[in-house]
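Structural description and commentary
Letter by letter, the chains look like this.
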Amino acid sequence: MPIISVGILLVAIAFAAVCCYIAFTLNRLTDNIRSLGKSVVKMEEEMNHITPEISTSLQEVNHLIDDTHEKLQATDSVFGSLEDMGTSVQSLNEAYKVKRQALDDANLEDKLNKTMKGITWSEAAIQIYKSYRASKTNQGNRKKEEVK
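Here is a short report on the structure shown in this document.

What counts and how
- Residues numbered from 1 in each chain as written.
- Predicted model: local features only at pLDDT ≥ 70, side-chain atom pairs only at ≥ 80, totals over all residues.
- Heavy atoms only, no water.
- Helix = DSSP H or I, 4+ residues; strand = E, 2+ residues; numbered from the N terminus.
- Rg over C-alpha atoms; globule rule 2.2 N^0.38 Å.
- Buried < 20%, exposed > 50% of the residue type's maximum accessible area, 1.4 Å probe, protein only.
- Lys, Arg positive; Asp, Glu negative; His and termini not counted.
- Charge placed at Lys NZ, Arg CZ, Asp CG, Glu CD.
- Salt bridge = Lys/Arg side-chain N within 4 Å of Asp/Glu carboxyl O.
- Patch = residues over 30% accessible without salt bridge, like charges linked within 9 Å, V, L, I, M, F, W, Y side chains within 5 Å.
- Areas by Shrake-Rupley, 256 points an atom, 1.4 Å probe, with all protein chains shown as cover.
- Expected span 1.5 Å × (residues − 1).
- Bend = angle between axes of the 7 residues up to and from the residue.
- Disulfide = S-S within 2.5 Å.

**Quick word on the overall build of the protein**
- From N to C terminus, the protein includes 2 helices and 0 strands.
- For the protein, whose C-alpha radius of gyration is 52 Å, the value lies well above the compact-globule estimate of 15 Å for 148 residues.
- Taken over the C-alpha atoms alone, the protein extends approximately 165 × 60 × 30 Å along its principal axes.
- Across the 148 residues of the protein, 0% fall into the buried class.
- For the protein, the distance from the average site of its 18 positive side-chain charges to the average site of its 20 negative ones is 18 Å.

Next comes the structure, spelled out in structure tokens:
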């Protein structure tokens, strides 16, 4: 029987060791749950402070988005005008291309010669007018000197 007693003693010691380990583990689990409870309470208090600020920030963001939307709608007319201007420039370019193709080199040279003759005659007329004004001014100065 002594062997049975020793076996029961070893089983009792092992059971006591397992019970102590389970008690130690449950004690740590209890401490962790208490700590978690305190953290949840602190988080709840902080959320009560943060929630109104987040609400205010969201309202400001909503206002900013509405304002941006209004301003973008205001620029729609500008882009419409730019589109119309682009269409006009394109039409002008196409009209120029058609006229340029219709105007051959000989015809262009003839028109340029006429333009150059017109410029030459206008320069001659300006020179004659300047000499006339200069001679008239000189005659006026001579008459004033004679009167003195």
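Still more to cover.
**Things to note about the pattern of salt bridges**
- Taken as a whole and judged by the stated rule, the model has 3 salt bridges.
- D31 serves as the salt-bridge partner of R34, at 4.0 Å between the closest nitrogen and oxygen. Remark: D31 and R34 occur in helix α1 (residues 2-102); sequence separation between them is 3 residues, near one turn of the helix.
- Judged by relative accessible area, which is 42%, D31 ranks as partly exposed.
- Between K71 and D67 there is a salt bridge whose closest N-O contact spans 3.3 Å. Of this pair, K71 and D67 are both found in helix α1, 4 residues apart, which corresponds to roughly one turn of the helix.
- A relative accessible area of 27% means that D67 is categorised as partly exposed.

**What about a nonpolar patch on the surface?**
- Residues V18, Y21, I22, L26, L29 and I33 make up a contiguous nonpolar surface patch of about 600 Å² in total accessible area.
- Along the chain, L29 turns up in helix α1.
- According to the relative accessible area criterion, L29 is partly exposed, its value standing at 45%.

**Looking at α1**
- For α1, which comprises 101 residues, the first-to-last C-alpha distance of 130 Å sits more than 12% below the rise-based estimate of 150 Å (1.5 Å per residue).
- At I50, α1 is deflected by roughly 30°, the largest bend along its length, and proline P52 occurs up to four residues later in sequence.

**Observations regarding the state of the cysteines**
- Tallied over the entire structure, the rule returns 0 disulfides.
- Not engaged in a disulfide, the cysteine C19 finds its nearest cysteine sulfur in C20; these two sulfurs lie 7.1 Å apart.
- We classify C19 as partly exposed; its relative accessible area is 34%.

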